[in-house]
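# What the coordinates show
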Amino acid sequence: MFNAATYRATPRDLALIAVFTALTAVLALPTVTISGIAPITLQTLGFMLAASLLGFPWGGASVALYVLLIVVGLPIGAGGRGGLAVLTGPTGGFLIGGIVGALVTGWLVDKWGRTNPILIGLANVIGLMVIVYAIGLPWLGWRTGSGLFAKLTLGFQFVPGDLIKVVITALVVVTVVRAYPAIAKRAPGPR
Ligand SMILES: O=C(O)CCCC[C@@H]1SC[C@@H]2NC(=O)N[C@@H]21
């Protein structure tokens, strides 16, 4: 059963949340735009690593902090953009999807463990590809007035890169957790 006390953040949790927010900010800077408005970016690799290593709910908290910092004006969105317009603009749905997706991926990884790269990969495909696209692409269509075909075409261009990020995440998580098993562990019992 859900017990809120189990999810009270310790200073260590807060430090890890901040570290992964900073990592995501750096990863988001280089972008490639093939066509359309949404760029190909390593921002999602930051989301995947945060969700998979920090688990539920701290991975989602790290992505939420990242989005909050963009909204208040830090130029850390994909390609170095910042401000409320990033969230309300065409790519804002990918950011909201990233928060929801990171919560789901973190929950799945906590449940399935961090030793099997296939399961880690599957958790990331579900949370940080399927959910991110499911929120981001209709949002993009809504904000740009583009039709279903345009949205699907745009969505397909992200799939190869996002799958590569999933593989990198799975390998990094297995390696990091083997070297530093405490990263995803919480002190037992309510805090
Ligand atoms: O403007 C932003 O900061 C958000 C950019 C979102 C880009 C999306 S996330 C999912 C998909 N994969 C990518 O590499 N780019 C898009």
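Values in this document were obtained by computation on a predicted structure and should not be read as measured data.

Near the ligand, the surroundings consist of 16 residues, among which Pro-39, Thr-41, Ala-78, Thr-91 and Lys-165 are the closest. Here an oxygen atom of the ligand sits 3.0 Å away from a polar atom, N or O, in the side chain of Arg-81. Side-chain polar atom of Lys-165 to an oxygen atom of the ligand: 2.9 Å apart, as the coordinates give it. Mapped by element, the contributors of at least two residues to the shell around the ligand are β2 (40-41), α2 (43-54), α5 (92-112) and α7 (148-179). In terms of residue class, the shell around the ligand is made up of eight nonpolar, five polar and three charged.

This paragraph deals with the packing of helix α1 (residues 11-27) against α2. Between α1 and α2, the shortest axis-to-axis distance is 7 Å and the interhelical angle comes to 160 degrees. One finds that α1 runs roughly antiparallel with respect to α2. In terms of crossing hand, the pair formed by α1 and α2 is right-handed. Seen from α1, the contacting residues are Leu-16, Ile-17, Phe-20, Leu-23, Thr-24 and Leu-27; seen from α2, they are Gln-43, Leu-45, Gly-46, Phe-47, Leu-49, Ala-50, Leu-53 and Leu-54. Of the residues assigned to the contact of α1 with α2, the class counts are eleven nonpolar, three polar and no charged.

What follows covers the side chain of Thr-24. The residue Thr-24 is located in helix α1 in this model. Of the residues examined, Thr-24 reaches a relative accessible area of 2% and is grouped as buried. Among the polar contacts made by the side chain of Thr-24, one reaches the main-chain carbonyl oxygen of Phe-20 at a distance of 2.8 Å. Those residues in contact with Thr-24, other than ones at most four positions away along the chain, are Gln-43, Gly-46, Phe-47 and Tyr-66.

Looking now at the packing of aromatic side chains. This model, assessed by the stated rule, comprises four aromatic pairs. Their ring planes at 80 degrees and their centres at 6.0 Å tell us that Phe-94 and Phe-158 sit as a pair that is edge-to-face. Separated by 64 residues along the polypeptide, Phe-94 in helix α5 and Phe-158 in helix α7 bring together distant segments of the chain. The same class applies to Phe-94 as to Phe-158, namely buried. The positively charged end of Arg-143 is found above the aromatic ring belonging to Trp-142, 4.8 Å away from the centroid.

The feature "transmembrane region" (unreviewed entry), as given by UniProt, occupies residues 92-109, 121-142 and 162-181 in the numbering adopted here. With 90% helix and 0% strand, residues 162-181 has end C-alpha atoms that lie 26 Å from one another.

Procedures and definitions
- Throughout this document, residue positions are counted from 1 along each chain, in the order its sequence is written.
- Given that the model is predicted, a residue must reach a pLDDT of at least 70 before its local features are reported, and side-chain atom pairs must reach 80 or more before they are shown or counted; all residues, however, enter totals for whole chains, interfaces and linings.
- As a convention, hydrogens and water are excluded, and side-chain values are obtained from all of the structure's heavy atoms.
- We define proximity as follows: a residue is near a molecule or strand when any one of its heavy atoms falls within 4 Å of that partner.
- Two N or O atoms count as a polar contact when they lie within 3.5 Å, although within protein this holds only if one can serve as hydrogen donor and the other as acceptor, and sequence-adjacent residues are included solely when both atoms are side-chain atoms.
- The way it works is that DSSP assigns letters per residue, a run of H or I at least four long becomes a helix, a run of E at least two long becomes a strand, and they are numbered from the N terminus.
- We call Asp, Glu, Lys and Arg charged. Ala, Val, Leu, Ile, Met, Phe, Trp, Tyr, Cys and Pro are nonpolar, and the rest, Gly among them, are polar.
- Inter-axis angles, ranging from 0 to 180 degrees, are taken between N-to-C directions of lines fitted to C-alpha atoms, where helices are fitted over the stretch in contact.
- Should an angle fall under 35 degrees it is called roughly parallel, over 145 degrees roughly antiparallel, and 65 to 115 degrees roughly perpendicular, with every other angle called oblique.
- When the near helix sits turned anticlockwise from the far one by under a right angle, the crossing is termed left-handed; a clockwise turn instead gives a right-handed crossing.
- Any pair of residues with heavy atoms lying within 4.5 Å of one another is described as a contacting pair.
- Here's how the labels work: a residue is buried when its accessible area is under 20% of the maximum for its type, exposed when over 50%, partly exposed in between, all with a 1.4 Å probe on protein chains only.
- Aromatic rings from Phe, Tyr and Trp, with only the six-membered ring used for Trp, were paired whenever their centres fell within 6.5 Å, and each pair was classed as stacked if the ring planes differed by under 30 degrees, edge-to-face if by over 60, and tilted otherwise.
- The rule for a charge over a ring is simple: NZ of Lys or CZ of Arg within 6 Å of the ring centre, and within 35 degrees of the ring normal.
- UniProt positions are given in the numbering used here, feature names are shortened, and annotations may be inferred rather than shown by experiment.

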